[in-house]
Amino acid sequence: MKTAPSTISRFMDRHQALVYPAPAVIALFFIVIIPIAYNLYLTFTKWTIGLGQPQFIGFGNFIELVSDERVLNGMKVMIYFSGLSLSLELVLGLLIAVYFNREFKGSEIVQAIYIFPFAATPVAVALIWRIMLNPEIGVMNYLLRSVGLPGSLWVSSPLTVIPALVMVDVWKWTPMITLIVLAGLKSLPHDPYEAARIDGANTFQIFWYITLPLIWPVLIAALMLRSLDNLKEFDMIYTITQGGPGISSETLYLYSYNVGFSFFKAGYGSALMVVVFLIVLVFNVVMNRMRLRAQDL
Amino acid sequence: MKTFKSILFYTGAVALCVPPVFVFVWMILTGLKTGVQNISYPPEFIFRPTLENYRAVFQQYNFFRYLMNSLVVAGLATGVSLVLGLPAAYSIAKYRQGKIGLLILVARMTPFVSYLLPWYIIFRHLKLIDTYTALTITHLIITLPMVIWLMVSFFEGMPEELEDAAMIDGCSRLQSFLRIVLPLVRNGIATSAIMSFIFSWNQFLFSLILSGPKTKTVPVAVYNFISYGKIDWAGIGAAATLIVLPVSVFAFFVRRTIVQGLTMGALKE
């Protein structure tokens, strides 16, 4: 291994903390920071892509946004969809993880099965769900009817479209929460459990007073990780409903896409995207506070 | 009593595995049915399977080309992400460069559409729409932060003494990074490479706008099956199976480290 170090190698050794991250930081600057800055600039302009030049209009886009009914609709849909799906994924993910948190033959198989929805291409499985959810000939209604329940209109009705989309999202992402929480549960200390059992605590008491507080930071971390994608859910909703029927499943994010790429209004679309970013940011800052507080306890 | 409990447990376990398995099975069945069988009611569970849809997907829809496009873009994005990301993650872990971590967090929080609009305008100007360059660059927005984010936790979990020992033996820092450090975190590298590949392979939004006839990737190709007026469900079943199968197999092999990586990363953030 003893070769005479070249000048370059010596320079890299001396300035490792600078040289190693530099290429990635420069790359991120070009592919991430510059587009974000350009996007911010566009928010102050009025511009239809392909027609003339951007015109500076100050806060005009943000003023327009406040009175835009589709923005209000988008926020409502976003809160409904994300609120319901995130809470279901968290609760179900936790309960299933607690269920599987024991030594049993076949735990490997469960893990293998549960990784599948996570890896599966969203557009591909969303199309399969679209087939399964067809009100007339889909297999979901067939299964409901075969146990004597009435079929549902699923994504074809404004009333059921969000719960149906939530179902698909829960299907795709609960297994990931389960696997993360399961890994967290395996690393919990044994002592509190033994003490509780000696004191005669029942299963529910053990879950509520010991497991839940101990796993809380993992749970919030999983929620933050999940929220980064969930608040910006696009592929699945776009593939299954395109925001319909009407605009009943058009989240703010989907609307910002439509403004940018269906109406080609670059300025207004950018302003909407900034709002989406702010929502994600605020949510994560609040969650992070909660997590830090939980870890301090 | 003990057997009864265990039967009860396994019944529940099987029930909890039904949803993921069912959709997977239904996808495969849809691809093996004829067009008529796919729109018959009640749905058929037992039938004579046909490979006709797979033939059609490859011959009529030219799917092999789209698979190759996806392979090229995901391969390039993953390769570049590793080359740029590994040294960066190592440095962040070693020198506690939290500010770079912040940059990565911003990259992950920003909606993809916010990148797409500027990139679309820039690529349109440079006449780079429908090129591998445009797709790879935009996919890097997802894969590079992911590789760094995952690798930082793997590097942090690595014992420092080994590296010190290598330095004493006269290795330069670069040599010890390449010959000692990287082999130590090979599990992490495999995991982040596969995660990066999966997320690039699955990427839809960037490819939807920035690809074209020449570089269309598989998610966009399968999505187009529904915009030909009549929906070809049998074709969708076959195409979806072809798209999902490779990434599922990949994920299966690194399932343990994927969970480890996600958990460690999540706990730190």
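From a predicted model like this one, the values you see are computed outputs, not experimental measurements. Throughout this description, residue numbers start from 1 for each chain and increase along the sequence as written. For this description, chains carry letters from A and ligands carry numbers from 1, given in the order in which they are written. A pLDDT threshold of at least 70 governs which residues receive local features in this predicted model, and a stricter bar of 80 or more applies before side-chain atom pairs are shown or counted, although totals over entire chains, interfaces and linings include all residues.

Trainee: Explain the overall build of chain A residue by residue, including any values.
Mentor: Helix and strand definitions here come from DSSP, where helices need a minimum of 4 consecutive H or I residues and strands a minimum of 2 consecutive E residues; each element is numbered from the N-terminal end. Assigned secondary structure in chain A consists of 14 helices and 2 strands. A globule of 297 residues ought to have a C-alpha radius of gyration of about 19 Å, yet chain A, at 24 Å, is considerably larger. Judged by the C-alpha coordinates and their principal axes, chain A covers about 75 × 75 × 40 Å. Buried residues in chain A amount to 43% of all 297 residues. C-alpha atoms define the radius of gyration, and 2.2 Å times the number of residues to the power 0.38 defines the globule rule. Put plainly, a residue is buried at 20 or more neighbouring C-beta atoms within 10 Å of its own, exposed at 12 or fewer, and partly exposed in between, counting only other residues' C-beta atoms, which are placed from the backbone.

Trainee: Requested: an account of the overall build of chain B, with residues and values cited.
Mentor: When its secondary structure is counted, chain B shows 14 helices and 0 strands. With the C-alpha coordinates aligned to their principal axes, the bounding extent of chain B is approximately 70 × 70 × 30 Å. Within chain B, the proportion of its 269 residues that are buried is 52%. Sequence separation of 24 or more characterises 79% of the internal contacts of chain B that already satisfy a separation of 6 or more. C-beta atoms are placed from the backbone for every residue, and two residues are taken to be in contact when these atoms lie within 7 Å.

Trainee: Which residues make up the domain arrangement of chain B, and what values do they have?
Mentor: All names here are of chain B. Segmentation into domains, and thus their bounds, comes from an automatic or database assignment. One can read the domain layout of chain B as domain 1 (1-50) and domain 2 (59-268). Computed from C-alpha coordinates alone, the two centres of domain 1 and domain 2 are separated by 32 Å. Going through the elements one at a time, helix H1 (2-32) and helix H2 (35-38) are the ones with two or more residues in the side of domain 1 that touches domain 2. Broken down by element, the side of domain 1 that touches domain 2 gets its largest block of residues, 4 residues, from H1. Amino acids are sorted into nonpolar (Ala, Val, Leu, Ile, Met, Phe, Trp, Tyr, Cys and Pro), charged (Asp, Glu, Lys and Arg) and polar (every other residue, Gly among them). The residue inventory of the side of domain 1 that touches domain 2, partitioned by class, reads 3 nonpolar, 5 polar and 1 charged.

Trainee: Report on the environment of valine 23 of chain B, specifying residues and quantitative values.
Mentor: Mapped onto the secondary structure, valine 23 of chain B falls in helix H1. In this structure, valine 23 of chain B is in contact with Val125, Ile128 and Trp171 of chain A, ignoring residues within four places of it in sequence.

Trainee: Got a sec to walk through the interface of chain B and chain A? Specific residues and values, please.
Mentor: Tallying the contact residues gives 81 residues for chain B and 79 residues for chain A. Here the element with the most residues in the side of chain B that touches chain A is H1 of chain B; it accounts for 13 residues. Looking at the side of chain B that touches chain A, its residues break down into 62 nonpolar, 14 polar and 5 charged.

Trainee: Before we move on, can you summarise the nonpolar core with the specific residues and values?
Mentor: Only buried residues count toward a nonpolar core: Ala, Val, Leu, Ile, Met, Phe, Trp, Tyr and Cys, linked into one set through C-beta atoms within 7 Å. Ile128 and Leu165 of chain A together with Val222 of chain B are the most contacted members of the largest nonpolar core, which has 166 residues in total. For this core, the element with the highest residue contribution is helix H7 (residues 132-156) of chain B, accounting for 16 residues. Those residues within four positions of isoleucine 128 of chain A in sequence are excluded, and the remaining contacts are Val23, Trp26, Met27, Thr30 and Ala240 of chain B.

Trainee: Outline the packing of helix H3 (residues 22-42) of chain A against helix H6 (residues 112-125) of chain B, listing residues and values.
Mentor: Here an angle of 0 to 180 degrees is reported between the N-to-C directions of two axes, which are lines fitted to C-alpha atoms, with helices fitted over the stretch in contact. At their nearest, the axes of H3 of chain A and H6 of chain B sit 8 Å apart, and the two run at 85 degrees to each other. The angle between H3 of chain A and H6 of chain B falls in the class roughly perpendicular. Residues Pro35, Ile36, Tyr38 and Asn39 of chain A of H3 of chain A lie in contact with H6 of chain B, whose contacting residues are Ser114, Tyr115, Leu117, Pro118 and Trp119 of chain B. For this classification, under 35 degrees means roughly parallel, over 145 means roughly antiparallel, 65 to 115 means roughly perpendicular, and everything else is oblique.

Trainee: Report on the pairing of strand S2 (residues 51-56) of chain A, specifying residues and quantitative values.
Mentor: All names here are of chain A. Here S2 lies mainly on the outside; 0 of its 6 residues are buried. Should DSSP find at least two bridges between two strands, the strands are taken to pair. By the bridge criterion, 3 bridges tie strand S1 (residues 45-48) to S2 in an arrangement that is antiparallel. Looking at S2, one finds that threonine 45 is bridged to phenylalanine 56. Hairpin remark: S1 followed by S2, antiparallel, with 2 residues in the connecting loop; positive phi at glycine 50, about 95 degrees.

Trainee: Explain the environment of serine 114 of chain B to me, using residue names and the numbers behind them.
Mentor: Positionally, serine 114 of chain B belongs in helix H6. Once residues lying within four places of it in the same chain are set aside, the contact partners of serine 114 of chain B are Ile36, Asn39, Met273 and Phe277 of chain A.

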